[in-house]
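Spelled out from the first residue to the last, the chains are:
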Amino acid sequence: MSNPADMKFLIVDDFSTMRRIVRGLLKEIGYNNAEEAEDGAVALNMLKNGRYDFVVSDINMPNMNGFELLKAIKADDGLKHLPVLMVTAEARKEDIVLAAQSGAAGYIVKPFTKATLEEKVQKIMQKLAATA
Amino acid sequence: MSIDLPDNMQMPAASPEIFQQLGQLTRQLHDTMNMLGVLPDLKNHVDNLPDARSRLNYIATKTADAAEKVLNLVDTAKADQEHIATETRKLAALITADPVKAVASGAVFNFVQDVETTTHRVDGHLTDIMMAQDFHDLTGQVVAKVVRLANDLEGQLVKLLVQAAPPEQAQKVEAALTSHHAPIEPRLDGPVVNPEGRTDVVADQSEVDDLLASLGF
């Protein structure tokens, strides 16, 4: 990816309000290219049929939750390179540990601020740049 | 609780036999419900009612906070907007009177700087208004939990009703219930409504970061 601002995000959340909030914040911090999915199953289908660079996912969703999506992404050779940032209301320590052990690139607990999202996204971007 | 009866009313004296009969009936009802397996389940659901109360309080607080935050931000943004409108009118008057002086005195430059500062501030207010809408997601998850609890409680009460009804009526009720009750998907915990005293959850983002750092992530 030559220009980080061109990165394509996939925002996964069953609440459209939260998808719009995350999309709006990403735009404010310089990432205009984002699409949305309402659950893990829809997201996985989009990921397999499109080109994305970054996934921001909720955990508590119907059909396929965020943990299942994360595991499916990390189990797929074509997708496992994708950074997955969890943005969720799940605040149990065991969930946070599970997400990290399952390969999440970051974990944000709701409610969150613009500064938190920006910090986590930039941190992941720096790691990506360092390993590229 | 005590009831004060009017002076002209007297509570009839109950005989010990009536109390004994009432006691027997209550015991029979209790034993029957236990035998039917309804009472333990029903008790479990009733025990969850304080949790539902906490969750409803959480919703009330979250929505009230969001509404107040948005209204305060709108007030501030409107004041900023009014400031720009006033300054624009003043500058227009200056330019109309003497355009060269308006530029030379720095009034135009100051105005441009003022507009830039104020619009940046208004943009911040709009972002905060957008962020305040996160209550929809958080309360939505909590509402779903309360609805599940109400459904479970309703199911147990209907089960009790069916078991106590005549067989032909019970079959009708059961058939109607089977056709109307869509299964609700199991979900994760959702937002923590009572974090006080809990050690199994994090209270904020800094605790998430500390936990992940302690694990080497």
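Residues numbered from 1 in each chain as written. Chains lettered and ligands numbered in written order. Predicted model: local features only at pLDDT ≥ 70, side-chain atom pairs only at ≥ 80, totals over all residues.

Counting residues at the interface gives 26 residues for chain B, matched by 26 residues for chain A. Elements with a contribution of two residues or more to the side of chain B that touches chain A: α5 (107–132), α6 (135–164) and α8 (205–214) of chain B. The biggest single contributor to the side of chain B that touches chain A is α6 of chain B, with five residues. Here the residues of the side of chain B that touches chain A sort into 13 nonpolar, seven polar and six charged. (Contact = placed C-beta atoms within 7 Å. Helix = DSSP H or I, 4+ residues; strand = E, 2+ residues; numbered from the N terminus. Nonpolar A, V, L, I, M, F, W, Y, C, P; charged D, E, K, R; others polar.)

Residues and elements named next belong to chain B. Averaged over all residues, the pLDDT of chain B is 82; the fraction at 70 or higher stands at 80%. Ranking the elements of chain B by mean pLDDT puts helix α2 (residues 38–47) last with 67 and α5 first with 96. Listed scores for the predicted complex are pTM 0.75 and ipTM 0.84. (pLDDT = per-residue confidence, 0-100.)

All names here are of chain A. Alternating residues of strand β3 (residues 54–57) divide into Phe54 and Val56 and Val55 and Ser57, and every residue in both groups is buried. As defined by bridge partners, strand β1 (residues 9–12) adjoins β3 across four bridges and the pair is classed as parallel. In the strand pairing of β3, Leu10 is matched with Val55. Pairing of β3 with strand β4 (residues 84–88), which is carried by three bridges, proceeds in the parallel orientation. (Buried ≥ 20, exposed ≤ 12 C-beta atoms within 10 Å, placed from the backbone. Pairing = 2+ DSSP bridges.)

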